[in-house]
Structure formats: structure tokens, C-alpha cells
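# Report on the structure
Listed here are the chains, written in short residue letters.
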Amino acid sequence: MRGSGVNPKVLTLSPAEFIARRGAGELWQLVDVRESWERGIASVDQALAIPMADVPARVGELDRHHGIAVLCHTGVRSATVANWLAFEGFEPVANIEGGIDAWAVDVDRSLPRY
């Protein structure tokens, strides 16, 4: 994925901060870049599932009129994708810090952790 390195335009949001921003009326599209087997264990409703390797080919599915928040297992893959999206001109872009693991601890304790 081209555009590696930290992009200062990428926000870092905890799962709770992301939920609060959406609750305050901000328009965000949540993109889950984990593999299908991972989403089978734990998933977030209303997240668009695009595995990391497929993002460049499926970038047209993303809504440029909304912010893009990227989620993975722990926040590493999502940070890479968020940086790439920012370099591709998406704005605003956020990485969900801690990924689905933090989501399961901070937002939805019913989600299994793996």
C-alpha cells in the first residue's frame, strides 16, 4: 500500500470517541479492514467490510462526503489503511485506536475478544 509513514491528517480516535462523534451528528463511515474469518468472531454493526488487501481495488465504495474511520483487530492495519486513504485525498480520516479489541472492552462487552 503506497503512502506509508505517518500522515498528520489522520485522527486517532478511541472507540468511545468515535461513538460520541457519531452520536453528536458527525457523519462517519466505519470501514472494517479485517479478514472475513476475524469478522466472523466479532463485528460491529454498520461497518463496511473491506479486507486491507482489497482497499485499493474497492476504494470507490467509500463515501467521500463522510469521514472515514478505519477499524482492525488492534489498530495496526487500520493505521496503515487510514494513512493510505489520507494520502489518496480522503478527509477526514481516523484510525480507531485499539481496534475491535478496544471496542469489545470500552463499547460492547458482548463482543468476543480474540
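Here goes a summary of the coordinates provided. Nothing here was measured: the structure is a model prediction, and the numbers come from that model. (Residues numbered from 1 in each chain as written. Predicted model: local features only at pLDDT ≥ 70, side-chain atom pairs only at ≥ 80, totals over all residues. Heavy atoms only, no water.)

### Let's talk about the packing of aromatic side chains
All chains considered together, the criterion is met by three aromatic pairs. Residues Phe18 and Trp103 carry aromatic rings whose centres are separated by 6.0 Å and whose planes lie at 50° to one another, so their mutual orientation is tilted. Residue Phe18 is located in helix 1 (residues 15-23), and its partner Trp103 is located in helix 5 (residues 99-106); the two are separated by 85 residues in the primary sequence. Residue classification places Phe18 among the buried residues on the basis of a relative accessible area of 0%. A residue is classified by how much of its surface remains accessible, and Trp103, at 5% relative accessible area, is buried. (Phe/Tyr/Trp six-rings, centres within 6.5 Å; stacked < 30°, edge-to-face > 60°. Helix = DSSP H or I, 4+ residues; strand = E, 2+ residues; numbered from the N terminus. Buried < 20%, exposed > 50% of the residue type's maximum accessible area, 1.4 Å probe, protein only.)

### Regarding the sheet that holds strand 4 (residues 67-71)
As summarised here, the arrangement of the five strands in space is 1-5-4-2-3, forming an open sheet in which the pairing is parallel. Edge positions in the open sheet fall to strand 1 (10-13) and strand 3 (48-49), since each of these has one partner strand only. Summarising the sheet, strand 4 and strand 5 (residues 93-96) pair through three bridges and their orientation is parallel. When the bridges of strand 5 are listed, Ala69 appears paired with Ala94. Taken strand by strand, helix 5 contacts strand 2 (28-32), strand 4 and strand 5, and its axis lies near 90° from that of strand 4. (Pairing = 2+ DSSP bridges. Contact = heavy atoms within 4.5 Å. Axes fitted to C-alpha atoms, helices over the stretch in contact; angles between N-to-C directions.)

### Quick word on the nonpolar core
The biggest cluster of nonpolar side chains holds 16 residues, and the ones touching the most others in it are Val33, Val55, Leu62, Ile68, Val70 and Leu85. Elements that contribute at least two residues to this core include exactly strand 4 and helix 4 (76-87). Here the element with the most residues in this core is helix 4; it accounts for five residues. With near-sequence residues (within four places) excluded, Leu62 lies in contact with Gln29, Val31, Leu48, Ile50, Ile68, Leu85 and Phe90. Grouped together as the second largest cluster of nonpolar side chains are 14 residues, Leu30, Ala69, Trp103 and Leu111 included. (Core = buried A, V, L, I, M, F, W, Y, C linked by side-chain atoms within 4.5 Å.)

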